[in-house]
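The lines below spell out each chain.
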Amino acid sequence: FGGITLACNLKSEQEVDDIIEKAKRFGGTVAKQPQRVSWGGYSGYFRDPNGYYWEVAFGESWEFDENDMLVID
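Residues numbered from 1 in each chain as written. Predicted model: local features only at pLDDT ≥ 70, side-chain atom pairs only at ≥ 80, totals over all residues. Heavy atoms only, no water.

Enquirer: Any chance you could explain the pairing of strand E3 (residues 42-47) here in plain terms?
Expert: On any regular strand, side chains alternate: one points to one face of the sheet, the next to the other face. The pairing of strand E2 (residues 29-36) with E3 spans five bridges and is classified as antiparallel. Paired with valine 30 across the two strands is phenylalanine 46, which belongs to E3. Hairpin remark: E2 followed by E3, antiparallel, with five residues in the connecting loop; positive phi at glycine 40, about 95 degrees. As paired elements, E3 and strand E4 (residues 53-58) share six bridges and run antiparallel to each other. Looking across to E4, one finds that phenylalanine 46 is bridged to tryptophan 54. Joining the antiparallel neighbours E3 and E4 is a turn of five residues, in which glycine 51 adopts a positive phi near 95 degrees. (Pairing = 2+ DSSP bridges. Helix = DSSP H or I, 4+ residues; strand = E, 2+ residues; numbered from the N terminus.)

This is how it looks when you write it as structure tokens:
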């Protein structure tokens, strides 16, 4: 483990599931299946073919702007 996890914030649980499935199809390894998590969201982890870990997550209270960027207050 290189000490860093990349993150992808998504708009639905279905998008999380879809990204995990795509990662598997393209040579990634699922490190943690998507599931409901303690902070109230839904997330999973995969390791890409280059060895980087990614968290893909969805939060019900998250808002996105017109460019689909997560709004952080």
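Enquirer: I'm lost on the sheet that holds strand E1 (residues 5-10) in this one. Help?
Expert: The strands making up a sheet are joined through hydrogen bonds of the backbone, oriented either antiparallel or parallel. The strand order E1-E4-E3-E2 describes an open sheet built from four strands, whose pairing is mixed. Every interior strand has two partners, whereas the edge strands, E1 and E2, have only one. Ignoring strand direction, the axes of neighbouring strands in this sheet form an average angle of 15 degrees. Across the sheet, helix H1 (residues 13-25) touches E1, E2, E3 and E4, and the angle it forms with E3 is around 10 degrees. (Axes fitted to C-alpha atoms, helices over the stretch in contact; angles between N-to-C directions. Contact = heavy atoms within 4.5 Å.)

Enquirer: In this structure, what is going on with the side chain of serine 43? I would like to understand it.
Expert: Looking at the secondary structure, you find serine 43 in strand E3. Taking the relative accessible area as the measure of exposure, serine 43 reaches 2% and is therefore buried. There is a polar contact of 3.5 Å between the side chain of serine 43 and the side chain of glutamate 55. Ignoring any residue separated from it by four or fewer positions in sequence, one finds serine 43 in contact with Val16, Gln33, Pro34, Gln35, Val37, Glu55, Val56 and Ala57. (Buried < 20%, exposed > 50% of the residue type's maximum accessible area, 1.4 Å probe, protein only. Polar contact = N/O pair within 3.5 Å; in protein donor to acceptor, adjacent residues only side chain to side chain.)

Enquirer: How should I be thinking about the nonpolar core in this particular structure?
Expert: Note on soluble globular proteins: their nonpolar side chains tend to be buried together. In terms of nonpolar packing, the biggest core is built from eight residues, these being Leu10, Val16, Ile20, Ala23, Tyr42, Phe46, Val56 and Phe58. Sorting the residues of this core by element identifies H1, E3 and E4 as the ones contributing at least two each. Per-element tally for this core: the top contributor is H1, with three residues. Residues contacting isoleucine 20, with those up to four places away along its chain left out, are Val30, Pro34, Gly44, Tyr45, Phe46 and Val56. (Core = buried A, V, L, I, M, F, W, Y, C linked by side-chain atoms within 4.5 Å.)

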